[in-house]
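So the chains spell out like this:
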Amino acid sequence: MDTQFYGLTILAAVSLAFPIYFLPAYIAAKRQHPDRKKLLLWNLLTGWTLVGWIAVFILAVQKKES
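These lines cover the structure that appears in this document, whether it is placed above or below. Everything numeric in this text was worked out from a predicted model, so none of it was measured.

1. Structural notes on the overall build of the protein
So, step 1. Scanning the protein from terminus to terminus reveals four helices and zero strands.
So, step 2. Tracing the protein from N to C terminus, the helices and strands come up as α-α-α-α.
So, step 3. Computed over its C-alpha atoms, the radius of gyration of the protein comes to 15 Å, more than 25% above the 11 Å expected for a compact globule of 66 residues.
So, step 4. In the protein, buried positions account for 18% of the 66 residues.

What follows is the structure, encoded as structure tokens:
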């Protein structure tokens, strides 16, 4: 395998994974979620696990309490 192709493949994978990884934090920020800073922190700390990412995503899309 060509080294340049391998490098481009890694770059493409990271470019796609980064926005998906921070999607819950982005949603919370756009929706002005009251706990958006906490959700960003939880996303950073537990987002690498599928369970943590799903939990933060669910919290980010829940309706805000008025």
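2. Topic: unusual backbone geometry
So, step 1. With a phi angle near 55°, Gln 32 is a residue other than glycine that sits in the positive phi range.
So, step 2. In this structure, Gln 32 sits in the loop between α2 (23–30) and α3 (36–46).
So, step 3. Taking relative accessible area as the criterion, Gln 32 reaches 48% and is therefore assigned partly exposed.

3. A look at the packing of α3 against helix α4 (residues 50–61)
So, step 1. Following both chains from N to C, one finds α3 and α4 inclined at 165°, their axes separated by 9 Å at the closest point. Between α3 and α4, the interaxial angle falls into the category roughly antiparallel. Crossing handedness for the pair α3 and α4: left-handed. Touching Leu 39, Trp 42, Asn 43 and Thr 46 of α3 are Gly 52, Trp 53, Val 56, Leu 59 and Ala 60, all from α4.
So, step 2. Taken together, the residues of the contact of α3 with α4 sort by class into six nonpolar, three polar and no charged.

4. Quick look at the environment of Val 61
So, step 1. Mapped onto the elements of the fold, Val 61 is located in helix α4.
So, step 2. Overall, Val 61 belongs to the partly exposed group, its relative accessible area being 37%.
So, step 3. Taking the C-alpha atoms as reference points, Val 61 and Pro 24, 37 residues apart in sequence, are found 7.9 Å from one another.
So, step 4. Ignoring anything within four residues of it in the chain, the contact list for Val 61 reads Ile 27 and Arg 31.

5. What to know about a positive patch on the surface
So, step 1. On the surface, Arg 31, Arg 36, Lys 37, Lys 63 and Lys 64 cluster together to form a positively charged patch.
So, step 2. Mapped onto the secondary structure, Lys 64 falls in the segment after α4.

Procedures and definitions
- Residues numbered from 1 in each chain as written.
- Predicted model: local features only at pLDDT ≥ 70, side-chain atom pairs only at ≥ 80, totals over all residues.
- Heavy atoms only, no water.
- Helix = DSSP H or I, 4+ residues; strand = E, 2+ residues; numbered from the N terminus.
- Rg over C-alpha atoms; globule rule 2.2 N^0.38 Å.
- Buried < 20%, exposed > 50% of the residue type's maximum accessible area, 1.4 Å probe, protein only.
- Axes fitted to C-alpha atoms, helices over the stretch in contact; angles between N-to-C directions.
- Parallel < 35°, antiparallel > 145°, perpendicular 65-115°, else oblique.
- Left-handed = near helix turned anticlockwise from the far one by under 90°.
- Contact = heavy atoms within 4.5 Å.
- Nonpolar A, V, L, I, M, F, W, Y, C, P; charged D, E, K, R; others polar.
- Patch = residues over 30% accessible without salt bridge, like charges linked within 9 Å, V, L, I, M, F, W, Y side chains within 5 Å.
- Areas by Shrake-Rupley, 256 points an atom, 1.4 Å probe, with all protein chains shown as cover.
- Salt bridge = Lys/Arg side-chain N within 4 Å of Asp/Glu carboxyl O.
- Lys, Arg positive; Asp, Glu negative; His and termini not counted.
- Charge placed at Lys NZ, Arg CZ, Asp CG, Glu CD.

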